[in-house]
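Here is how the chains run, residue by residue.
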Amino acid sequence: MIPWFGAALSALLRTLLVACLSLLPVGVSAAESVLRLVGGDGRALDLSLQELQAMPQTTVATENEFSDGVVSYRGPLVRDVLGLAGMERLAEVRFVAANDYFVDIPTRDFSDYDAILAMTADGERLSRREKGPLWLMYPISDHAELRSRVYLRRLIWQVVRIESR
Amino acid sequence: MTLGRPIPRYLGVVVLLAMAGFASVGFFSIRRDVENLRIISQDNTQWSATQMELELLRFRLSLADLAPRPMPETIAAMQERFDILWSRVFMMGHGRLGESLLRYDGEDGPVAGLAAYLQELDPILGDLARPSPGLAARLAGIEERLAAFQQELREYTLRVIRADSAAGDQVRTRIQTSARLTAVISLAAVLLSVLALFLILRENRRQREIAEMSRRSAEQAELASRAKSRFLSMMSHELRNPLNGILGPLALLGQSELAGRQQRLVVQAQQSGQSMVQMLSGLLDYGEVQDGRFRLKSEPFGLGALAAAVRGDLRAEGAGGATVTVLAGAPERVHGDLDRLRQIFVHLALYMVENRDPATATLSFGHDGTSLAGEIAIAASGELVDWKLDLLMDLREGSPDQVTAEALRPLIARGLIAACNGVLSLVETADSRRIVRVAVPSAAVRLELLRVHLETRSMALAAIYQAALRSDRVVFLPPESSDPVDIVLVDSTSVGELPLMARLRARFPSALFVSLGQPQSPEFFDDIVEVPNDMSQLRSSILGRLAS
C-alpha cells in the first residue's frame, strides 16, 4: 500500500470520528453507557450511544403533546433493542427514566407498532435537556388509537434502564 | 262529507328542516363536548406541574450534597439534576401541554421566573464544582432563591389543580346541558314525528275519500252514458223497422207506372228514406262504440266491392255524381270490416259534398301494404270548405259543444275510424283541391286457388252450391279427381255420415271438412254451416278460407 494513502485514510477516519462524536450531547461521551437492559435472569447489558447508533435506525414522523407540530424522530426500534437482551419474549417490561419515573409497557406494543428509542429530533441529537438522550416514541400520527392517555404516559423520556417485570 | 283542509307541502319541508336543524345542533354540541372531555382527560398539566416542583426539590438536594463534599459523583449528580429540571421547566410553551402550562403561569409567573434564573445559573454551574472561598455563601444565596421558587411552584401547582378541576366541572356541566338539550331535541323529534304521522294519515284519508268520490262520479257518468247510448241504439233499431216499411212500398210504388212528377216524388222520398237509414245505422254503431259494445269484424273483402257499395250508397243519397275508384296496383282483396268502412267513407263523402255538386268529389281506394287508404278529394276551396274541414279535424270525443247538426256525420265517421284503429288526416296539395285521407290497418288477402270437393247425392244442390260459390279462385274438382283438395264440403242432410266420413278422411287427410247443415257427428268436421241455403253465409265461410 502506498504510505501516503494510508496516512490520508487514517486522517479521514479520525476526522469522521471526531465529527460523529461532536454530534453527541454535551456531557455524554459516545462510549459511555446510556442504557442498561436487565433481562429476566437478572443479567445486565449496558449499551452506549455508539452501539445504539450502530443498530438499524427507523424514522418516526409524528406529533405529540410535548412538541410543536410534526417532528421526525429517529432511533433504533424498541423491539430490536429488547432483542439484544432476549427481552422481546417477555410479556411486559419496565422503562425507567433518569428521574426514577417508570412505566410498565406490554411488549406487544413493540410488535404492533414501530416504536423507537428516539435519539434525534429533526436531525438534532436529543440532549438530556431536550428529553434525551433516549425518548420512547410511538408513531402516534399514524395510528388514531395511540391518541389516548395510556400511550401519552408511555412516551417516557430520559430513559436510562429497561428491565423485566 | 268533510274532507278537511289540504296540508300545504311546504309545511312538510319546514317540519323536516326543523328536525334536521335540531338533530344537527344536538349532534355538533355533543361532539364538541365529547372532544373537550377527551382533551381534558388527556391533559397532563397537574402531573407536569408536580414534577417540576419535585425536580426543583431534587436539584436543591443535590446542591446541598455538593457543599460539604464537592466530589465528582456529587458534581455529576448536581449537573444531571440541573439538566432534568431544565427539561421540565423548558417544556413551557412547547406542544399542547406546554401551552396549557404557560396559560396557567401567565406572563411573569413562577415558571417563567425559574426558567430565567436557570439560564442565569447555567454558565456559572461549572464554578460551583470547584472549591473556592466564597462557595458556601454562593450556594446559600442560590438555595435562598430556589427556596422562594419552591414556594411559588407550590402555589402554581395548586392553581393548576384548581383550574383543571374547574375546567373539568365546566365540561361536565356542558355535557349535562348537552344531554338535557339532546333529551329535549329527541322529545321534539318524537312529537314532530307523531304530528307528521297524524298529518300523513289525515292526508291519506282525504285522498282516499277524494278517490272514492271520483270513482262514484265516474261510475255514475259511465252508467248515464251507457243508458243514453243504449237508448240511442234501441231507438235507432226501432226506427229502422217502420222505415223499412216505408221504403219497401216506395220501391214497389217506384216500379209501377207513374207519371214523371210522381216518379220524381217517389225517388225523392226514397233518397230521404235511404239517408235516414244511413244515419240510423251510423247512430247505432256510434252508440255501440260509446258504450263499449262495438265489435269490429275482420273478413276478406274486395276493394272493388267496397267501392261499389260506397258508390251505391252515395247514389241512393243523391250523390251519385261522385267518382269512386280503386287505384291501380291495389290488392284485389283485403281484410277488414266492409260495412263499417263503407259507413265511414259514405258519411265523410256526404259531409264533404253537402250543398255542393257531387261531381266535384272523387273517392279513391288503395293499399300501402299495411293499411287500407281511402282519399276523398273535392275540387273546391273557400271559407265554407275550410270551416268544414276544421270542424272535422278538431272534433273531440265527448265535447258536448261540438255535437251540432253539422257535426253528426263527422262524429259518426270519426268514432268508427277510432274504433277501427284508423287515422284521419288532411293531405297537403299544391292545387285548390282539398283531400281527406283515412288509413285503416288492413292486411292484403293472399290470393290462392281454393280446391273444393263437394260430397252430395243431390245433383240440384251440387249445382246450387257451385253457382253460389263460383269464383276465379274456387275450383270444384270432379268426384273422381286425384288432385289435392283444400276443402271438402259434405251435405250432411243427404248422406250417411259415419262410413262416408271415414272414407273421406282417409282420402283427403289434409283437407278442411265443412258440414253443410247440422251433422249427426260434429266431431268429424272442422266447420259447420248450419243453414246451408243461406248462400251469403256459405260464401262468406268458404271465401274466408282464401284469407287464412
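Everything here concerns the structure above.
A few points on the structure. (Residues numbered from 1 in each chain as written. Chains lettered and ligands numbered in written order. Predicted model: local features only at pLDDT ≥ 70, side-chain atom pairs only at ≥ 80, totals over all residues. Heavy atoms only, no water.)

Side note on the pairing of strand S3 (residues 333-336) of chain B
Note on strand geometry: in a regular strand, side chains alternate between the two faces of the sheet.
All names here are of chain B.
Working step 1: Judged by which residues are buried, S3 turns out to be covered on both faces: Arg-333 and His-335 on one side and Val-334 and Gly-336 on the other are all buried.
Working step 2: Pairing analysis gives four bridges linking strand S1 (residues 299-302) to S3, with the strands arranged antiparallel. Note that in S3 the partner of Pro-300 across the bridge is His-335. (Buried < 20%, exposed > 50% of the residue type's maximum accessible area, 1.4 Å probe, protein only. Helix = DSSP H or I, 4+ residues; strand = E, 2+ residues; numbered from the N terminus. Pairing = 2+ DSSP bridges.)

Considering the sheet that holds strand S4 (residues 361-367) of chain B
Residue and element names in this part refer to chain B.
Working step 1: Spatial strand order, S2-S4-S5-S7-S6: five strands in an open sheet with mixed pairing. The sheet is open, and its two borders are formed by strand S2 (323-326) and strand S6 (423-427), each paired with just one other strand. Averaged over all pairs of adjacent strands, the angle between strand axes in this sheet comes to 20 degrees, irrespective of strand direction.
Working step 2: With five bridges connecting them, S6 and strand S7 (residues 434-441) associate as antiparallel partners. Following the sheet pairing, Ser-425 is matched in S7 by Arg-437.
Working step 3: Running over the sheet, helix H9 (residues 303-316) touches S2, S4 and strand S5 (371-378) and is turned about 175 degrees from S2. (Axes fitted to C-alpha atoms, helices over the stretch in contact; angles between N-to-C directions. Contact = heavy atoms within 4.5 Å.)

With respect to the interface of chain B and chain A
Working step 1: Taken together, the contact between chain B and chain A spans 26 residues of the former and 17 residues of the latter.
Working step 2: The junction of chain B with chain A conceals about 1900 Å² of combined surface from both sides, 43% of it contributed by carbon and sulfur atoms.
Working step 3: Inspection of the chain B/chain A interface yields ten residue pairs in polar contact (both at pLDDT 80 or more).
Working step 4: Mapped by element, the contributors of at least two residues to the side of chain B that touches chain A are helix H1 (9-42), helix H2 (45-66), helix H3 (72-89) and helix H4 (95-105) of chain B.
Working step 5: Taken together, the residues of the side of chain B that touches chain A break down into six nonpolar, ten polar and ten charged. (Buried area = accessible area lost by both parts, 1.4 Å probe. Polar contact = N/O pair within 3.5 Å; in protein donor to acceptor, adjacent residues only side chain to side chain. Nonpolar A, V, L, I, M, F, W, Y, C, P; charged D, E, K, R; others polar.)

Some details on the packing of aromatic side chains
Working step 1: Considering all chains together, one arrives at 14 aromatic pairs over all chains under this definition.
Working step 2: Consider the rings of Phe345(B) and Phe365(B), whose centres lie 4.8 Å apart with planes at 90 degrees: the pair is edge-to-face. With a gap of 20 residues between them, Phe345(B) in helix H10 (residues 338-353) and Phe365(B) in strand S4 connect regions that are remote in the sequence.
Working step 3: Judged by its relative accessible area of 0%, Phe345(B) falls in the buried class.
Working step 4: A residue is classified by how much of its surface remains accessible, and Phe365(B), at 0% relative accessible area, is buried.
Working step 5: Grouping aromatic residues by their ring pairs yields a cluster made of Phe95(A), Phe110(A), Tyr113(A), Tyr138(A) and Tyr151(A).
Working step 6: For Arg129(A), the ring lying beneath its charged end belongs to Trp86(B), and the centroid distance is 4.2 Å.
Working step 7: In this arrangement the basic side chain of Arg154(A) is found over the ring face of Tyr151(A), its NZ or CZ atom lying 5.0 Å from the centre. (Phe/Tyr/Trp six-rings, centres within 6.5 Å; stacked < 30°, edge-to-face > 60°. Lys NZ or Arg CZ within 6 Å of the ring centre and 35° of its normal.)

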